[in-house]
Amino acid sequence: QVQLVESGGGLVQAGGSLRLSCAASGRTFSAYAMGWFRQAPGKEREFVACISRSGGNTYFEDSVKGRFTISRDNAKNTVYLEMNPLNPEDTAVYYCAAGNHCGLAWKSDYDYWGQGTQVTVSS
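Residues numbered from 1 in each chain as written. Predicted model: local features only at pLDDT ≥ 70, side-chain atom pairs only at ≥ 80, totals over all residues. Heavy atoms only, no water.

### A closer look at unusual backbone geometry
(1) Moving on: Residue Pro 85 follows Asn 84 across a cis peptide bond; omega there is 0°.
(2) Moving on: Mapped onto the fold, Pro 85 is located in the loop between strand S8 (78–83) and strand S9 (92–99). (Helix = DSSP H or I, 4+ residues; strand = E, 2+ residues; numbered from the N terminus.)

Take a look at the structure:
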């Protein structure tokens, strides 16, 4: 089992920035690719970003490319998502997830999920 806990969400004005963290415990963190997803009210869960087990490969949803950065510190069992600048359209609950590889399908490509952290961007 892997337990994931997100933190760093909050309320920020458009154009501002946030850094989300996801701390993992229970199993070897470095064995998993780590992804970020988000879900806004009335919308499906959406892929945001993913980083490979070694950190050598990263992937981003088109709307966040150039604005979001994903990184990991395997020594700290933590993955980060830096968001700068933020837009109102980024408002959602953000979830981190662990899987065998950086897939796009949340239902099948990831085995463990955190409980989410709210990001609200005001205009």
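Now, onward.
### Describing the sheet that holds strand S7 (residues 68–73)
(1) Moving on: Spatial ordering of the open sheet is given by S1-S3-S8-S7, a layout of four strands whose pairing is antiparallel. Each having just a single partner strand, strand S1 (3–7) and S7 make up the two edges of the open sheet. Each neighbouring strand pair of the sheet contributes to a mean axis angle of 15°, computed without reference to strand direction.
(2) Moving on: Sheet topology places S1 next to strand S3 (residues 18–25); five bridges connect them, and they run antiparallel. In the strand pairing of S3, Glu 6 is matched with Cys 22. (Pairing = 2+ DSSP bridges. Axes fitted to C-alpha atoms, helices over the stretch in contact; angles between N-to-C directions.)

### Overview of the state of the cysteines
(1) Moving on: Under the criterion given, the structure shown has two disulfides.
(2) Moving on: Across the disulfide, Cys 22 is cross-linked to Cys 96 (sulfur-sulfur distance 1.9 Å). Torsion about the S-S bond of the Cys 22 and Cys 96 cystine: about 55°, corresponding to right-handed handedness. Of the two residues, Cys 22 is situated in strand S3 and Cys 96 in strand S9; the sequence distance between them amounts to 74 residues.
(3) Moving on: Among the residues examined, Cys 22 registers a relative accessible area of 0% and is labelled buried.
(4) Moving on: The exposure class of Cys 96 is buried, given its relative accessible area of 0%.
(5) Moving on: One disulfide bridge connects Cys 50 with Cys 102, the sulfur atoms lying 2.1 Å from each other. (Disulfide = S-S within 2.5 Å. Buried < 20%, exposed > 50% of the residue type's maximum accessible area, 1.4 Å probe, protein only.)

### Some remarks on the side chain of Arg 67
(1) Moving on: Position of Arg 67 relative to the elements: it lies in the loop between strand S6 (58–60) and S7.
(2) Moving on: According to the relative accessible area criterion, Arg 67 is buried, its value standing at 14%.
(3) Moving on: Of note is the side chain of Arg 67, whose polar atom sits 2.8 Å from the backbone oxygen of Pro 85.
(4) Moving on: Those residues in contact with Arg 67 that lie beyond four places of it in its chain are Glu 82, Met 83, Asn 84, Pro 85, Leu 86, Asn 87 and Asp 90. (Polar contact = N/O pair within 3.5 Å; in protein donor to acceptor, adjacent residues only side chain to side chain. Contact = heavy atoms within 4.5 Å.)

### Some details on the packing of aromatic side chains
(1) Moving on: Enumeration according to the criterion identifies six aromatic pairs in this entry.
(2) Moving on: When the centroid spacing of 5.9 Å and the interplanar angle of 85° are considered together, the rings of Tyr 32 and Tyr 112 count as edge-to-face. On the criterion of sequence distance, the pair formed by Tyr 32 in the loop between S3 and strand S4 (33–39) and Tyr 112 in strand S10 (residues 112–113) is long-range, its members being 80 residues apart. The two residues Tyr 32 and Tyr 112 agree in class, both being buried.
(3) Moving on: Consider the rings of Tyr 110 and Trp 113, whose centres lie 6.1 Å apart with planes at 65°: the pair is edge-to-face.
(4) Moving on: Within the aromatic cluster, the residues linked to one another by ring pairs are Phe 37, Phe 47, Trp 106, Tyr 110 and Trp 113.
(5) Moving on: Above the plane of the ring of Tyr 95 lies Arg 45, whose end atom (NZ or CZ) is 4.5 Å from the centre. (Phe/Tyr/Trp six-rings, centres within 6.5 Å; stacked < 30°, edge-to-face > 60°. Lys NZ or Arg CZ within 6 Å of the ring centre and 35° of its normal.)

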